[in-house]
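A structural walkthrough
This is what each chain is made of:
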Amino acid sequence: MNMRNMSKFKWLAFASVLAILVLTILSLRISGEQEQTPMREKSTVSINAKGLAVRKIDGGREKMGLCLSLTLNLGERRENFIPVETVEGSVVICGTTYEITEARGVVLYKRNIIVLRLRCSDGSSMVLHIRYFWMGGGLYALRGLGACSFENGRTVIMFRGTARLS
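The structure presented is a predicted model; accordingly, all values stated were derived computationally and were not measured.

We now examine the packing of aromatic side chains. Aromatic rings in a pair are described by how distant their centres are and how their planes are angled relative to each other. Counting across every chain of the model gives 1 aromatic pair. Taken together, a centroid distance of 5.3 Å and an interplanar angle of 90 degrees make the contact between Tyr 132 and Tyr 140 edge-to-face. Each of the two residues, Tyr 132 as well as Tyr 140, counts as buried. One residue, Arg 77, lies across the ring of Tyr 109, its end atom 4.0 Å from the ring centre.

This is how it looks when you write it as structure tokens:
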């Protein structure tokens, strides 16, 4: 390759990298200008998620499917959080349905986190830590971790899904 072709190649490579950089910055700037719909007080949040439940048994681990369907009714906004007034729904682990009978929780809206403590109809309890990400309109993507206390021990859960704000 002679010097003239080499300098054209360098120029073309430089121009390509510069174009990609400008387009990336422009798209980030445009997407950042869209108005984000935050979690609001006195609204309803519908959560649907699927995941995995893991519990220790006899020196090994048992992995089970998880399906989470919850409806949260939010209270009045306070300085750093929104209290969760009521929670309805169920958690299905390996085909067994656990209906929610009692719940306490908060939305830490500045950190995009929901923390819930749930009590189920069979007396078991769950603690969930959910991180949510705005996707547009009233739709959020979420992922979460939690722990369930059952008669036969503790189960760790991991899940991903969506939340709709209405």
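Residues Ile 47, Leu 70, Leu 72, Ile 93, Leu 116, Leu 128 and Phe 159 are the most contacted members of the largest nonpolar core, which totals 35 residues. Of all the secondary structure elements, the ones that give two or more residues to this core are β1 (44-57), β2 (60-74), β3 (82-93), β4 (96-108), β5 (113-120), β6 (125-136), β7 (139-150) and β8 (153-165). What Leu 128 contacts, discounting residues up to four positions off in sequence, is Leu 68, Leu 70, Ile 114, Val 115, Leu 116, Leu 118, Leu 145, Gly 146, Ile 157 and Phe 159.

Let us now look at the pattern of salt bridges. Where charged atoms from two side chains of opposite charge approach closely, those side chains can pair. Across all of its chains, the model carries 1 salt bridge by this definition. Linking Glu 62 and Arg 55 is a salt bridge whose minimum nitrogen-to-oxygen distance equals 2.5 Å. According to the relative accessible area criterion, Arg 55 is buried, its value standing at 16%.

Now for the confidence of the model for the chain. In this model, the chain carries a mean pLDDT of 84, and residues with pLDDT of at least 70 account for 84%. When mean pLDDT is taken per element in the chain, β5 scores highest with 94 and helix α1 (residues 3-32) scores lowest with 66. The model gives residues 31-37 a pLDDT under 50, and that stretch makes 7 contacts with residues more than four places away or in other chains.

The next thing to look at is a positive patch on the surface. Taken together, the side chains of Arg 111, Arg 131, Arg 143 and Arg 160 make up a positively charged region of the molecular surface. Within the element layout of this structure, Arg 160 appears in strand β8.

Positionally, Ala 147 belongs in strand β7. Residues Ala 147 and Val 127 lie 20 residues apart in sequence; the distance between their C-alpha atoms is 5.5 Å. Excluding residues that lie within four positions of it along the chain, Ala 147 makes contacts with Ser 125, Met 126, Val 127, Arg 154, Thr 155 and Ile 157.

Turning our attention to a nonpolar patch on the surface. The grouping of Leu 52, Leu 145, Val 156 and Met 158 at the surface amounts to a nonpolar patch, some 310 Å² of accessible area in total. With respect to the element layout, Leu 145 can be found in strand β7.

Let us now look at the environment of Phe 159. Mapped onto the fold, Phe 159 is located in strand β8. By relative accessible area, which is 3% here, Phe 159 ends up buried. With 94 residues separating them along the chain, Phe 159 and Gly 65 place their C-alpha atoms 9.8 Å apart. Those residues in contact with Phe 159 that lie beyond four places of it in its chain are Ala 49, Lys 50, Gly 51, Leu 66, Leu 68, Leu 128, Ile 130, Leu 142, Arg 143, Gly 144 and Leu 145.

Cut-offs applied
Residues numbered from 1 in each chain as written. Predicted model: local features only at pLDDT ≥ 70, side-chain atom pairs only at ≥ 80, totals over all residues. Heavy atoms only, no water. Phe/Tyr/Trp six-rings, centres within 6.5 Å; stacked < 30°, edge-to-face > 60°. Buried < 20%, exposed > 50% of the residue type's maximum accessible area, 1.4 Å probe, protein only. Lys NZ or Arg CZ within 6 Å of the ring centre and 35° of its normal. Core = buried A, V, L, I, M, F, W, Y, C linked by side-chain atoms within 4.5 Å. Helix = DSSP H or I, 4+ residues; strand = E, 2+ residues; numbered from the N terminus. Contact = heavy atoms within 4.5 Å. Salt bridge = Lys/Arg side-chain N within 4 Å of Asp/Glu carboxyl O. pLDDT = per-residue confidence, 0-100. Patch = residues over 30% accessible without salt bridge, like charges linked within 9 Å, V, L, I, M, F, W, Y side chains within 5 Å. Areas by Shrake-Rupley, 256 points an atom, 1.4 Å probe, with all protein chains shown as cover. Lys, Arg positive; Asp, Glu negative; His and termini not counted. Charge placed at Lys NZ, Arg CZ, Asp CG, Glu CD.

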